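What follows is each chain in one-letter form.
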Amino acid sequence: MKTKNEFDDKGQLTLDYLIAITFFLFAVFFVFQYASGLFTPLQSNSNEVTLIADRTATELVETTLSDNTESTNNFVDKAKIDEFFNNSSQYHNILGLNGSYFTYRLNVTLENNTSVIRSTGDSVPSYKDIGQTKRIVIFRDEDNNLKSRILSVRIW
């Protein structure tokens, strides 16, 4: 059996371990704090305009351009689409894009898989945060055939 003197000449292992773990956790914390700041200049403030673009696209497709005879939310009326693209300036207030403190710009594009069919609104700038939402819409053409198109709504 060991005597008391044999235990006293050992290092204090528990205290050394506690100090080492503390330094390690501080180092890990410092690395995470430093690494999160590296990507700050690359972050975008477009969350607000993306939500507004989504709300505007929903309002356009499900209410303003909707063909109320069908059961799907994305079925739109061809005549309402034509009227919207011909008179889009009057819809700026209806869609709630003119505020007392801030006014949002709007661009709406109707396209198929390969090209743009119709577009209205302001030209999209290359220097701002732009919120964009795309919705697939279905309508009947002049020959009563079903057509599907992509409606892109861009807000900035």
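Residues numbered from 1 in each chain as written. Predicted model: local features only at pLDDT ≥ 70, side-chain atom pairs only at ≥ 80, totals over all residues. Heavy atoms only, no water.

1. Quick look at the overall build of the protein
Okay, step 1: Each helix and strand in the protein was counted, giving five helices and four strands.
Okay, step 2: For the protein, the succession of helices and strands along the chain, N to C, is α-α-α-α-α-β-β-β-β.
Okay, step 3: For the protein, the residues scored as buried account for 28% of the 156 residues in total.
Okay, step 4: For the protein, the exposed area adds up to about 11,300 Å²; of that, 54% sits on carbon and sulfur atoms. (Helix = DSSP H or I, 4+ residues; strand = E, 2+ residues; numbered from the N terminus. Buried < 20%, exposed > 50% of the residue type's maximum accessible area, 1.4 Å probe, protein only. Areas by Shrake-Rupley, 256 points an atom, 1.4 Å probe, with all protein chains shown as cover.)

2. Things to note about the pairing of strand β2 (residues 116-121)
Okay, step 1: With five bridges joining them, strand β1 (residues 106-111) and β2 adopt antiparallel strand pairing. In the strand pairing of β2, Val-108 is matched with Thr-120.
Okay, step 2: Count of turn residues in the β1/β2 antiparallel hairpin: four residues. (Pairing = 2+ DSSP bridges.)

3. Concerning helix α3 (residues 47-64)
Okay, step 1: Taking 1.5 Å per residue, 18 residues should reach 26 Å; α3 reaches 24 Å between its end C-alpha atoms and fits that length.
Okay, step 2: Taken as a whole, α3 has its buried residues at Val-49, Ile-52, Ala-53, Thr-56, Ala-57, Leu-60, Val-61 and Thr-64. Mapping the buried residues of α3 onto a view down its axis gives an arc of 155°, with all of them on the same face. Away from the buried face of α3 by more than 90 degrees, exposed residues Asn-47 and Leu-51 are located.
Okay, step 3: The inward-facing, buried residues of α3 contact α4 (78-86), α5 (91-94), β1, β3 (131-140) and β4 (146-155). (Expected span 1.5 Å × (residues − 1). Arc of directions from axis to C-beta. Contact = heavy atoms within 4.5 Å.)

4. Digging into the nonpolar core
One broad rule of soluble globular proteins: the nonpolar side chains tend to lie buried together.
Okay, step 1: Ranked by internal contacts, the top residues of the largest apolar core, which has 23 residues, are Val-108 and Ile-155.
Okay, step 2: Contributions of two or more residues to this core are made by α3, α4, β1, β3 and β4.
Okay, step 3: With six residues, the single largest contributor to this core is α3.
Okay, step 4: Not counting residues up to four positions away in its chain, the partners in contact with Val-108 are Leu-60, Phe-84, Phe-85, Arg-118, Ser-119, Thr-120, Leu-151, Ser-152 and Val-153. (Core = buried A, V, L, I, M, F, W, Y, C linked by side-chain atoms within 4.5 Å.)

5. Some remarks on the packing of aromatic side chains
Okay, step 1: A full pass over the atoms with the stated rule returns two aromatic pairs.
Okay, step 2: Between Phe-30 and Tyr-34, the ring centres sit 6.4 Å apart and the planes meet at 15°, which makes this aromatic pair stacked. Residue Phe-30 and its partner Tyr-34 are both found in helix α2 (residues 13-38); the two are separated by four residues, about one turn of the helix.
Okay, step 3: A relative accessible area of 57% means that Phe-30 is categorised as exposed.
Okay, step 4: For Tyr-34, a relative accessible area of 55% translates into the label exposed. (Phe/Tyr/Trp six-rings, centres within 6.5 Å; stacked < 30°, edge-to-face > 60°.)

6. Quick word on a nonpolar patch on the surface
Okay, step 1: Taken together, the side chains of Leu-15, Leu-18, Ile-19 and Phe-23 make up a nonpolar region of the molecular surface, amounting to roughly 410 Å² of accessible area.
Okay, step 2: Position of Phe-23 among the secondary structure elements: in helix α2. (Patch = residues over 30% accessible without salt bridge, like charges linked within 9 Å, V, L, I, M, F, W, Y side chains within 5 Å. Salt bridge = Lys/Arg side-chain N within 4 Å of Asp/Glu carboxyl O.)

7. Re the pattern of salt bridges
Okay, step 1: Evaluated as defined, the whole model comprises five salt bridges.
Okay, step 2: Between Asp-122 and Arg-105 there is a salt bridge whose closest N-O contact spans 3.7 Å. Within this pair, whereas Asp-122 is found in the loop between β2 and β3, its partner Arg-105 is found in the loop between α5 and β1, the two being separated by 17 residues in sequence.
Okay, step 3: Note that Lys-147 and Asp-141 form a salt bridge whose closest N and O atoms lie 4.0 Å from each other.
Okay, step 4: We classify Lys-147 as partly exposed; its relative accessible area is 30%.
Okay, step 5: Given the relative accessible area of 15%, Asp-141 is considered buried.
Okay, step 6: Here the residues in one salt-bridge network are Lys-78, Asp-82 and Arg-118, joined through shared partners.

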